[in-house]
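An overview of the molecular structure
Here is what each chain is made of, one letter per residue.
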Amino acid sequence: MGRPGKKYPKLPALFFPFLCILLISVASPCFATKKARQPWDIKADKIMFFHQSKVFIAQGRVQIIKGSLKVYADKVLYDKTGEKILASGHVVIHMKQDILKGERGEIDLKTSTGRMEKAFLYLKRNNIHLMASRLEKVGPEEYHATDATISTCPLPKQAWKFTCKDLSLTVNGEAKATNSAFEIRDVPVFFTPWLYVPINRYRKTGFLLPSYNSSKRNGVGFNVPFFLALNDSMDLTFYQHPMSSRGWMEGIEYRHVFSKEDKAVIRYNFLNDKKDDNDFNGDGQYRGNDFRWWIRGKLDQALPRGFHAKLDVDLMSDMDYLQEFDNGRMGFDASNEVFKKYFHRSLADDADEVRPSTAQLTRESENTFLALHGRFNDNHYFGERQYTVQTLPSVYLHAFKTRLLDTPLYYQLDFDYTDYWREQETKEHRIRMSPGLSMPVNLFHWADLVVTGDLENSIYVAYGEEASGDRPNDTENKFRYKLQTDMSKTFAREFRFSGHSLWHHSIIPRIQYLYTPSKRDDDIPQIDWHDDLSKINRFRFSLLTFLSNKGDLGHGHFSYSDLVRLKILQDYNFNKVHSINLPQNLMNDRPKEHLSDTYGEIEFRPLKNFYMRYDTTYNYHGDGFLSHNIWWHYTGYLGSSLDLAYRYHKITDVNEINVDLQAALTRAWSFMFHIKQNLKENRQIESRYALRYKSTCWALEGKIKTDSDDTAFLVNVELLGIGGWGTGGF
């Protein structure tokens, strides 16, 4: 499938080669263009002109050149009266990068029709190789070939080809054939009395190549896509995916790309599941639905007056859907890759049983940012859907720091309104306004200090009915203030290595102090961190240092690329608090301390193709190192890559490693490997393997995926130019 949204010139597939023949006639009035009036370079062993019949004849190593047009033949005849041209004997016509060859060619200038005997046509734009005993131009945009073979594989030994008794090519590069056979290495694979194929690298309506899959749970299946190009920027793809153990799954994908800021992809699958298994993976969680479906999509839309809209939809029928149907072109991984490619936004993790769908409208100006936001949480935890909080809607306004008249003061403002709704129990409205003033202070060029004061007032309106049946206290008002100081100093130095490379080293120590008095919060809903009215009396110490290479872009502009970056963070609280942020069920048993855990992170990029990041948390109150996270990425030969991620957390019992390898063994062969391993239990969570062979005109890919619940096998065959290069997902 080609890329959506790109416009392509609407020219007949064989237009250029036949144009070569037509342009031979300088006298023809229908070609009296500026290009036709350009001089011709004609060479031949012998050139004759018959005045009475007005016929030109060139014989013997005829060579006609005009710009990018080159015509070679043993003999060329032009009948000026009849407006016909004949070329014979080893006819070769070059037009830019397209080539037409044959034994004998004839063209009628009055009707713009013609034919070539024993013809060979190569269209580089489409990578089409066409051979025919007779090739005819039968209309302004129609061509017909007899006893033809067509392929995107180069001669002489074509890996695959279509042989056709009669073949028609249209202006859009569509091939319609009768009595056609598909051959692999000259061995017939299947025969069809009628065939329609879009042999083009671009977006054309037609069937895409099917994929084969097999798994223990789903049985044997085939996915047959049909691509419908609605116009240059919109398309639909229909998926038919029968599975022997589950039934017939159908899918549809809609896409449009009108611009970088105006695009959408929506995918929908549904299945009447015939498998009698409603307790997937034996977790004791039962689903009662047989009609199963999943709809997901993303949209970006630019609107008038600087507004931008974004929509993310993720809804499904049951909690097990993404775990059971995660393979193939319409599976979770393939869908997630599509969204990351076009929108740079991912789906929630496939193991998350709360699927968020959001809609937002934003506008940013020089001084303000305005956002209207709504979020629906599709909760699939049993018994919790009716109590799930939905954000319907939320309005947020932020006024950036702006100087107050000619004073040294700067003002800013935060305002938000949110309606928190749920099917049962209490609903809440919250209105929050927080104006603030700040003043930067230069401490005698020794350090930079910013002093900030904020006022915050929150109004809560509760309605509905509590679980006890009581009516909630309908209105509460909470007011408090916040004082903050932020002092930092930048130490920087530039130096050179070996007199060539310019380097920039910076060290930035920073001290922040925050004070907020406590307020009673037992009579207000606990919605998010804004509703935590605990007292804050805290110093925060941090250190940031980085070493960067400084590149001169010219005209006073420079670029910096970091070699290494190090950050350390530590809090001291005058009132004791939990030293680490954990889920509430784990926080209750943790002691409160003055000194927080120390957080540190380092990023290292010694080469353009190598990157490493590591962060850790250290507890001073008996636990030692609480967490380790490592990300490691390397890119090598022919785009090969190796990604390694290690996660460890002492309290939450996380100890796992993820490895992703994309290895180009040769220019034709590549191998993919992915593994997710639980090191604590010495248990493999998931593994994937793929082997791919890519030739000049076809590719074969086999994939295996195993996890604790299933083993799946998938095969994709791809033919270059037949529906484009596709992937079956993994």
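Residues numbered from 1 in each chain as written. Predicted model: local features only at pLDDT ≥ 70, side-chain atom pairs only at ≥ 80, totals over all residues. Heavy atoms only, no water.

A word on the overall build of the protein chain
The helix and strand inventory of the protein chain stands at 4 helices and 41 strands. Out of the 730 residues belonging to the protein chain, those deemed buried represent 42%. Contacts in the protein chain between residues at least 24 apart in sequence constitute 45% of all its contacts with a sequence separation of at least 6. Summed over all atoms, the accessible surface of the protein chain reaches about 38800 Å², with 57% contributed by carbon and sulfur. (Helix = DSSP H or I, 4+ residues; strand = E, 2+ residues; numbered from the N terminus. Buried < 20%, exposed > 50% of the residue type's maximum accessible area, 1.4 Å probe, protein only. Contact = heavy atoms within 4.5 Å. Areas by Shrake-Rupley, 256 points an atom, 1.4 Å probe, with all protein chains shown as cover.)

Side note on the packing of aromatic side chains
Taken as a whole and assessed by the stated rule, the structure comprises 26 aromatic pairs. Summarising the aromatic geometry, the rings of Trp-160 and Phe-162 are spaced 6.0 Å apart at their centres and angled 80 degrees between planes, so their arrangement reads as edge-to-face. Grouping residues by exposure puts Trp-160 and Phe-162 together as buried. Residues Tyr-572 and Phe-574 carry aromatic rings whose centres are separated by 5.5 Å and whose planes lie at 90 degrees to one another, so their mutual orientation is edge-to-face. According to the relative accessible area criterion, Phe-574 is partly exposed, its value standing at 41%. Taken together, the ring pairs connect Tyr-513, Phe-539, Phe-541, Tyr-572 and Phe-574 into an aromatic cluster. (Phe/Tyr/Trp six-rings, centres within 6.5 Å; stacked < 30°, edge-to-face > 60°.)

What to know about the state of the cysteines
Scanning all chains against the criterion turns up 1 disulfide. The disulfide partner of Cys-153 is Cys-697, and the gap between their sulfur atoms is 1.8 Å. Disulfide Cys-153-Cys-697: the torsion about the S-S bond is 85 degrees, which places it as right-handed. Of the two residues, Cys-153 is situated in the loop between strand S9 (142-151) and strand S10 (160-169) and Cys-697 in the loop between strand S39 (683-694) and strand S40 (698-707); the sequence distance between them amounts to 544 residues. (Disulfide = S-S within 2.5 Å.)

Notes on helix H3 (residues 332-343)
End to end, H3 covers 16 Å across 12 residues, agreeing with the expected 16 Å (1.5 Å per residue, within 8%). Within H3, 9 of the 12 residues are buried, which leaves the element mostly enclosed by the surrounding structure. Buried within H3 are the following residues: Phe-332, Asp-333, Ala-334, Ser-335, Asn-336, Val-338, Phe-339, Tyr-342 and Phe-343. (Expected span 1.5 Å × (residues − 1).)

Observations concerning the layout of surface pockets
Its volume calculated, the second largest pocket comes out at about 1600 Å³. Elements supplying a minimum of two residues to the lining of the second largest pocket: strand S24 (410-421), strand S25 (427-442), strand S26 (448-463), strand S27 (475-488), strand S29 (501-516), strand S30 (536-554), strand S31 (557-578) and helix H4 (584-587). Broken down by element, the residue count for the lining of the second largest pocket peaks at 8 residues, all from S31. A per-class count over the lining of the second largest pocket returns 12 nonpolar, 18 polar and 15 charged. (1 Å grid on protein atoms, 1.4 Å probe; cavity = no way out; pocket = protein on both sides within 12 Å on 5 of 7 lines; lining within 4 Å. Points joined across faces, edges and corners; volume = space filled by probe spheres on them. Nonpolar A, V, L, I, M, F, W, Y, C, P; charged D, E, K, R; others polar.)

Some points on the confidence of the model for the protein chain
Residues of the protein chain with pLDDT of at least 70 account for 88%, and the chain-wide mean is 84. Between residues 1-36, whose pLDDT stays under 50, and residues either more than four places distant or in other chains, the model counts 90 contacts. Per-residue pLDDT stays below 50 along residues 723-730; that stretch engages in 41 contacts with residues further than four places along the chain or on separate chains. (pLDDT = per-residue confidence, 0-100.)

Considerations on a nonpolar patch on the surface
A surface patch of nonpolar side chains, about 370 Å² in accessible area, is lined by Phe-491, Ile-507, Leu-543, Leu-566 and Ile-568. Within the secondary structure, Leu-566 sits in strand S31. We classify Leu-566 as partly exposed; its relative accessible area is 31%. (Patch = residues over 30% accessible without salt bridge, like charges linked within 9 Å, V, L, I, M, F, W, Y side chains within 5 Å. Salt bridge = Lys/Arg side-chain N within 4 Å of Asp/Glu carboxyl O.)

Thoughts on the environment of Val-313
Note that Val-313 resides in strand S20 (residues 307-316). For Val-313, a relative accessible area of 23% gives the class partly exposed. Residues Val-313 and Leu-347 lie 34 residues apart in sequence; the distance between their C-alpha atoms is 9.2 Å. Not counting the four nearest positions on each side in its chain, Val-313 is found in contact with Ile-295, Arg-296, Gly-297 and Ser-357.

Let's talk about the environment of Lys-478
Note on placement: Lys-478 falls in strand S27. Lys-478 gets classed as buried once you look at its relative accessible area, which sits at 13%.

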